[in-house]
Amino acid sequence: MRLRYKPYAKDKIEQHPQYIVAMPEQYKGKWNEVFASNQPLHIEVGTGKGRFITEMAKANPQINYMGIELYDSVIVDALDRLIEADLPNLKLLNVNARDLGKYFEKNDVDRVYLNFSDPWPKIRHEKRRLTYKNFLKLYEEILVDGGEIHFKTDNQGLFEYSLMSFSEYGLLLKYVSLDFHKSDYQGNIMTEYEQKFSEMGNRIYRCEVKYQN
């Protein structure tokens, strides 16, 4: 993904701490203080421009959501969506996914969403894939017992790799679709990439896995 530099992004992020949480490390273990209601917390790692997480928060007011995105020039678009929607159950974090353990502790999170993550196809970049075993361990360390990962992609190679990674880690496969948009699944909310790739005729893959602890 080629990022377009937005010189105003950093300043805008700093001007809206009510939406993009500043100094998130101080809320580790007490994220309920950030939201209007003490509810289950679902996070999206790599939230992009925020369409998915915003629509999920609108559709499920009984759940708190957090979109996590590293790049200023991307998360600022998600911020625009949140400013417009002004949802009490949605916050954003402008941090690196590798550092999730700095901001969350065990039982802080109930579900992790991974949507159209960078496939990092080269073998030497395997450790950067968000379904690599090190990331699976990181998610386990912040999720509740029996927490889940919901994963969508249009990349067959990444999907096959991820299924193997999930299995080798000992995760329980709850749901899998090799052509998700032709399945009978109800209530799907599409990401920007999902709509784009689907309109191009690409097959969408999806699975749900659960930690067995």
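The structure under discussion appears in the preceding block.
What comes next is a walk through the structure. (Residues numbered from 1 in each chain as written. Predicted model: local features only at pLDDT ≥ 70, side-chain atom pairs only at ≥ 80, totals over all residues. Heavy atoms only, no water.)

Things to note about a nonpolar patch on the surface
Turning to step 1, where the next piece is worked out: Residues Leu-173, Val-176 and Leu-178 make up a contiguous nonpolar surface patch of about 250 Å² in total accessible area.
Turning to step 2, where the next piece is worked out: Mapped onto the elements of the fold, Leu-173 is located in strand β6 (residues 172-177).
Turning to step 3, where the next piece is worked out: Since its relative accessible area comes to 43%, Leu-173 is described here as partly exposed. (Patch = residues over 30% accessible without salt bridge, like charges linked within 9 Å, V, L, I, M, F, W, Y side chains within 5 Å. Areas by Shrake-Rupley, 256 points an atom, 1.4 Å probe, with all protein chains shown as cover. Salt bridge = Lys/Arg side-chain N within 4 Å of Asp/Glu carboxyl O. Helix = DSSP H or I, 4+ residues; strand = E, 2+ residues; numbered from the N terminus. Buried < 20%, exposed > 50% of the residue type's maximum accessible area, 1.4 Å probe, protein only.)

With respect to the nonpolar core
Turning to step 1, where the next piece is worked out: Within the largest apolar cluster, 37 residues are counted, with the highest numbers of intra-cluster contacts made by Ile-43, Phe-104, Tyr-139 and Ile-149.
Turning to step 2, where the next piece is worked out: Those residues within four positions of Phe-104 in sequence are excluded, and the remaining contacts are Lys-28, Trp-31, Leu-41, Ile-43, Met-66, Ile-68, Leu-93, Val-109 and Ile-142.
Turning to step 3, where the next piece is worked out: Counting residues in each nonpolar core, the second largest holds 18 residues, with Ala-57, Ile-75, Leu-90 and Tyr-113 among its members. (Core = buried A, V, L, I, M, F, W, Y, C linked by side-chain atoms within 4.5 Å. Contact = heavy atoms within 4.5 Å.)

Details of the sheet that holds strand β5 (residues 143-153)
Turning to step 1, where the next piece is worked out: Taken together, the 7 strands give an open sheet; going across it, the order is β3-β2-β1-β4-β5-β7-β6, and neighbouring strands pair in mixed fashion. Of all the strands in the sheet, the pair left with one neighbour each is β3 (90-93) and β6. Taken over all neighbouring pairs, the strand axes of this sheet differ in orientation by 15 degrees on average, direction set aside. (Pairing = 2+ DSSP bridges. Axes fitted to C-alpha atoms, helices over the stretch in contact; angles between N-to-C directions.)

What about the packing of aromatic side chains?
Turning to step 1, where the next piece is worked out: This model, assessed by the stated rule, comprises 13 aromatic pairs.
Turning to step 2, where the next piece is worked out: With a centroid separation of 5.6 Å and 10 degrees between ring planes, the pair formed by Tyr-193 and Phe-197 is classed as stacked. Of this pair, Tyr-193 and Phe-197 both sit in helix α7 (residues 192-199), 4 residues apart, roughly one helical turn.
Turning to step 3, where the next piece is worked out: Every member of this aromatic cluster is reached through a ring pair, and the members are Phe-151, Phe-159, Phe-166 and Tyr-205.
Turning to step 4, where the next piece is worked out: One residue, Arg-128, lies across the ring of Trp-120, its end atom 4.7 Å from the ring centre. (Phe/Tyr/Trp six-rings, centres within 6.5 Å; stacked < 30°, edge-to-face > 60°. Lys NZ or Arg CZ within 6 Å of the ring centre and 35° of its normal.)

Notes on the packing of helix α5 (residues 133-140) against helix α6 (residues 156-169)
Helix packing for two helices is described by the angle between their axes and how far apart those axes are.
Turning to step 1, where the next piece is worked out: It is the contact of α5 with α6, at a shortest axis distance of 10 Å, that shows an interaxial angle of 55 degrees. With respect to each other, α5 and α6 are oriented oblique. Both α5 and α6 take part in a crossing whose hand is right-handed. Mapping the contact onto sequence places Lys-133, Leu-136, Lys-137 and Glu-140 in α5 and Ser-165, Phe-166 and Tyr-169 in α6.
Turning to step 2, where the next piece is worked out: Across the contact of α5 with α6, the residue classes break down as 3 nonpolar, 1 polar and 3 charged. (Parallel < 35°, antiparallel > 145°, perpendicular 65-115°, else oblique. Left-handed = near helix turned anticlockwise from the far one by under 90°. Nonpolar A, V, L, I, M, F, W, Y, C, P; charged D, E, K, R; others polar.)

Comments concerning the pattern of salt bridges
Turning to step 1, where the next piece is worked out: One pass over the full model with this rule turns up 11 salt bridges.
Turning to step 2, where the next piece is worked out: With a closest N to O distance of 3.3 Å, Lys-58 and Glu-55 form a salt bridge. Linking Lys-58 with Glu-55, this pair stays in helix α2 (residues 51-59), spanning 3 residues, or about one helical turn.
Turning to step 3, where the next piece is worked out: A relative accessible area of 45% places Lys-58 in the partly exposed class.
Turning to step 4, where the next piece is worked out: With a closest N to O distance of 2.5 Å, Lys-174 and Glu-148 form a salt bridge.

Remarks on unusual backbone geometry
Turning to step 1, where the next piece is worked out: Phi is positive for Asn-107, close to 80 degrees, though the residue is something other than glycine.
Turning to step 2, where the next piece is worked out: Within the secondary structure layout, Asn-107 lies in the loop between α4 (100-103) and β4 (109-115).
Turning to step 3, where the next piece is worked out: Overall, Asn-107 belongs to the partly exposed group, its relative accessible area being 46%.
Turning to step 4, where the next piece is worked out: For Phe-116, which is not a glycine, the phi torsion comes out positive at approximately 55 degrees.
Turning to step 5, where the next piece is worked out: The topology assignment puts Phe-116 in the loop between β4 and α5.

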